[in-house]
Amino acid sequence: MAGMDIGIDLGTANVLIVVDDKGVVLSEPSVVAVDNRINEVIAVGNEAYKMIGRTPKEIETIKPMMNGVISDYDNAEKMLRGFIDMLGEKKGMGKIVMPRIMVSVPSNITDIEKKAVEDATKQAGAREVLLIEEPVAAAIGAGIDITRPGGHLVVDIGDGTTDVAVISLGGTVVSDSIKVGGSRFNNDIIRYIKRNYNVIIGERTSETIKKDIGSAYRRQEERFIKITGRDLTTGLPKSITVSSFEIMDAMSESVIQIINLVIKVLQDTPPELASDIASTGIILTGGGSLLYGMDKKIAEMTGLRVIMAEDPISCVAIGTGIALGSVDILQVAGTI
Ligand code: ADP
Ligand code: MG
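A brief structural summary. (Residues numbered from 1 in each chain as written. Chains lettered and ligands numbered in written order. Predicted model: local features only at pLDDT ≥ 70, side-chain atom pairs only at ≥ 80, totals over all residues. Heavy atoms only, no water.)

1. Notes on the pattern of salt bridges
Here the idea is simple: oppositely charged side chains can pair when their charged atoms come close. On inspection of all chains with the given rule, the structure shows 13 salt bridges. Put simply, Lys264 and Asp176 hold a salt bridge, and the shortest N to O gap is 2.8 Å. Here Lys264 is found in helix 7 (residues 244-268), whereas its partner Asp176 is found in strand 13 (residues 171-178), with 88 residues between them in sequence. On the basis of relative accessible area, Asp176 is assigned to the partly exposed category, the value being 21%. Residues joined by salt bridges that share partners form a network here, namely Asp176, Lys264 and Asp268. (Salt bridge = Lys/Arg side-chain N within 4 Å of Asp/Glu carboxyl O. Helix = DSSP H or I, 4+ residues; strand = E, 2+ residues; numbered from the N terminus. Buried < 20%, exposed > 50% of the residue type's maximum accessible area, 1.4 Å probe, protein only.)

2. Quick notes on the side chain of Ser168
In this fold, Ser168 is placed in strand 12 (residues 162-168). In this structure, Ser168 is in contact with Ile146, Pro149, Gly150, Gly151, Val173 and Leu273, ignoring residues within four places of it in sequence. (Contact = heavy atoms within 4.5 Å.)

3. Examining the site of ligand 1
Every one of the 16 residues lining ligand 1 counts as a neighbour, but Ala13, Asp159, Glu207, Lys210 and Gly287 are closest to it. Measuring from an oxygen atom of ligand 1, one finds a backbone N or O atom of Ala13 at 2.7 Å. Within the side chain of Lys210, one N or O atom sits 2.6 Å away from an oxygen atom of ligand 1. Surface burial for ligand 1 is 88%, taken as the share of its 580 Å² of free accessible area covered by protein chains. Residue contributions to the shell around ligand 1 peak at 3 residues, all from helix 6 (residues 203-213). For the shell around ligand 1, the class distribution of residues is 3 nonpolar, 9 polar and 4 charged. (Near = heavy atom within 4 Å. Polar contact = N/O pair within 3.5 Å; in protein donor to acceptor, adjacent residues only side chain to side chain. Areas by Shrake-Rupley, 256 points an atom, 1.4 Å probe, with all protein chains shown as cover. Nonpolar A, V, L, I, M, F, W, Y, C, P; charged D, E, K, R; others polar.)

4. Some remarks on the pairing of strand 11 (residues 152-157)
For strand 11, the buried fraction is high: 6 of the 6 residues fall into the buried class. The two faces of strand 11 match: His152, Val154 and Asp156 on one face and Leu153, Val155 and Ile157 on the other face are all buried. Hairpin geometry of strand 11 and strand 12 is characterised by an intervening segment of 4 residues between the two adjacent antiparallel strands. As defined by bridge partners, strand 11 adjoins strand 17 (residues 282-285) across 4 bridges and the pair is classed as parallel. Note that in strand 17 the partner of Val155 across the bridge is Leu284. (Pairing = 2+ DSSP bridges.)

5. A short note on the sheet that holds strand 11
The mixed open sheet is built from 5 strands, whose spatial order is 13-12-11-17-18. In the strand order of this sheet, the two ends are held by strand 13 and strand 18 (306-308), each with one partner. Strand after strand, the sheet turns through a mean of 20° between neighbouring axes, direction not considered. Bridge count for strand 12 against strand 13 is 7 bridges, and the pairing is antiparallel. When the bridges of strand 13 are listed, Val166 appears paired with Val174. On the sheet, helix 9 (residues 294-302) packs against strand 11, strand 17 and strand 18 and is oriented at approximately 150° with respect to strand 17. (Axes fitted to C-alpha atoms, helices over the stretch in contact; angles between N-to-C directions.)

6. Considering the nonpolar core
Membership of the largest hydrophobic core comes to 40 residues, with the highest contact counts inside it found for Leu153, Ile193, Ile209, Val242, Ile282 and Met294. With 10 residues, helix 7 is the largest single contributor of residues to this core. By size, the runner-up hydrophobic cluster in this structure holds 36 residues, among which are Val69, Ile70, Phe83 and Ile109. (Core = buried A, V, L, I, M, F, W, Y, C linked by side-chain atoms within 4.5 Å.)

7. Digging into helix 6
At 3.6 residues per turn, the α-helix brings residues three or four places apart onto the same side. All buried positions along helix 6 are accounted for by Ser206, Ile209, Lys210 and Ile213. For helix 6, the arc enclosing every buried residue in end-on projection is 110°, short of the 170-degree limit, so these residues lie on one face. In this fold, the buried residues of helix 6 make contact with helix 5 (182-197), strand 15 (224-231), strand 16 (237-243) and helix 7. (Arc of directions from axis to C-beta.)

8. What about the side chain of Glu246?
With respect to the helices and strands, Glu246 occurs in helix 7. An unpaired buried charge is present at Glu246: no salt bridge exists, and Arg218, the closest side chain of opposite charge, is 12 Å distant. A polar side-chain atom of Glu246 sits 2.7 Å from a polar atom in the side chain of Tyr197. The contacts of Glu246, once residues within four sequence positions are left out, are Tyr192, Tyr197 and Thr241. (Lys, Arg positive; Asp, Glu negative; His and termini not counted.)

9. Overview of the packing of helix 5 against helix 6
Between two packed helices, what matters for the description is the angle formed by their axes and the separation of those axes. With their axes 9 Å apart at the nearest point, helix 5 and helix 6 run at an angle of 100° to one another. The angle between helix 5 and helix 6 places the two elements in the roughly perpendicular class. In contact with Gly182, Phe185, Asn186, Ile189, Ile190 and Ile193 of helix 5, helix 6 contributes Glu203, Ser206, Glu207, Ile209 and Lys210. Considered class by class, the residues forming the contact of helix 5 with helix 6 number 5 nonpolar, 3 polar and 3 charged. (Parallel < 35°, antiparallel > 145°, perpendicular 65-115°, else oblique.)

10. Description of the environment of Ile190
Within the secondary structure layout, Ile190 lies in helix 5. Once you skip the residues sitting within four places of it in the chain, Ile190 turns out to touch Ile201, Gly202, Glu203 and Ser206.

Coordinates in, geometry out; function isn't part of it.
See the structure below:
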């Protein structure tokens, strides 16, 4: 199919793709598996994710995105190419020929980092590449008309970073970012269990703990989960049971760091826009915002209303798709 428009959320943890008006058609982890003997990518996305921690020595799993930007150019390009091919093969869209692609990028990215995204997307087969700032895309995806005057505060808790931005009239007025997000929560959990139980757990186990019993706000009822790791003394598998209260404590410092950033951005926001935000509230997006009680904790510490985007994981991608429908207006507004 020619003349197609594709929107991509090129995330650290996940890549989401929207096509024309079909909504999100692909959502895969940002991972590639490389066979070092032939120097070729042998799997991308979910298929590569399953290989993490399980590969023979010739095969390596690589995450080509770090903290929202490309950290491994060649593999980022191959990953994108793989995903675009996947659209044609698996999603039955026929061969994807030279699409126009809009990619979301963090607000405070350098020109060099921007160019890397542009070049990799072109190399992966784009006819034209448009970049949009992530918080702007997130706001659009959350249903906000960003071309009107009026401030909105977007907090995007991703995997590697949390990005906080005040947007108005289609652009970012104030923004800041911190290298704390979902993967930091996982590391907090891994470290806590190692210290307190002398047990080593892997990334996927910590992810399960976080999603099942983790929290930013104290749950009414304590919950428990049984997990298995490796006993550091014996080197053998060992099962332990951990509680939601312990895990909340283990992650609390990182949660506070995120909220302190939100407060800092609010303090740096011009008064008129701050007053808008006081009435519109804070928009919460990104997979990390799904941590239990995150919205409540932010509301409590800032005194502001917090609105969780309807689909926090897809919000940015959905926004790129909507933005592709009004490229002309957004170009005039200077948004893209
Ligand atoms: P990025 O844009 O950086 O790729 P995402 O917005 O896709 O990141 O969010 C990915 C992060 O969200 C991961 O760290 C993941 O563990 C976390 N996450 C996803 N679902 C949940 C959940 N239900 N509870 C807590 N964290 C979650
Ligand atoms: Mg993201």
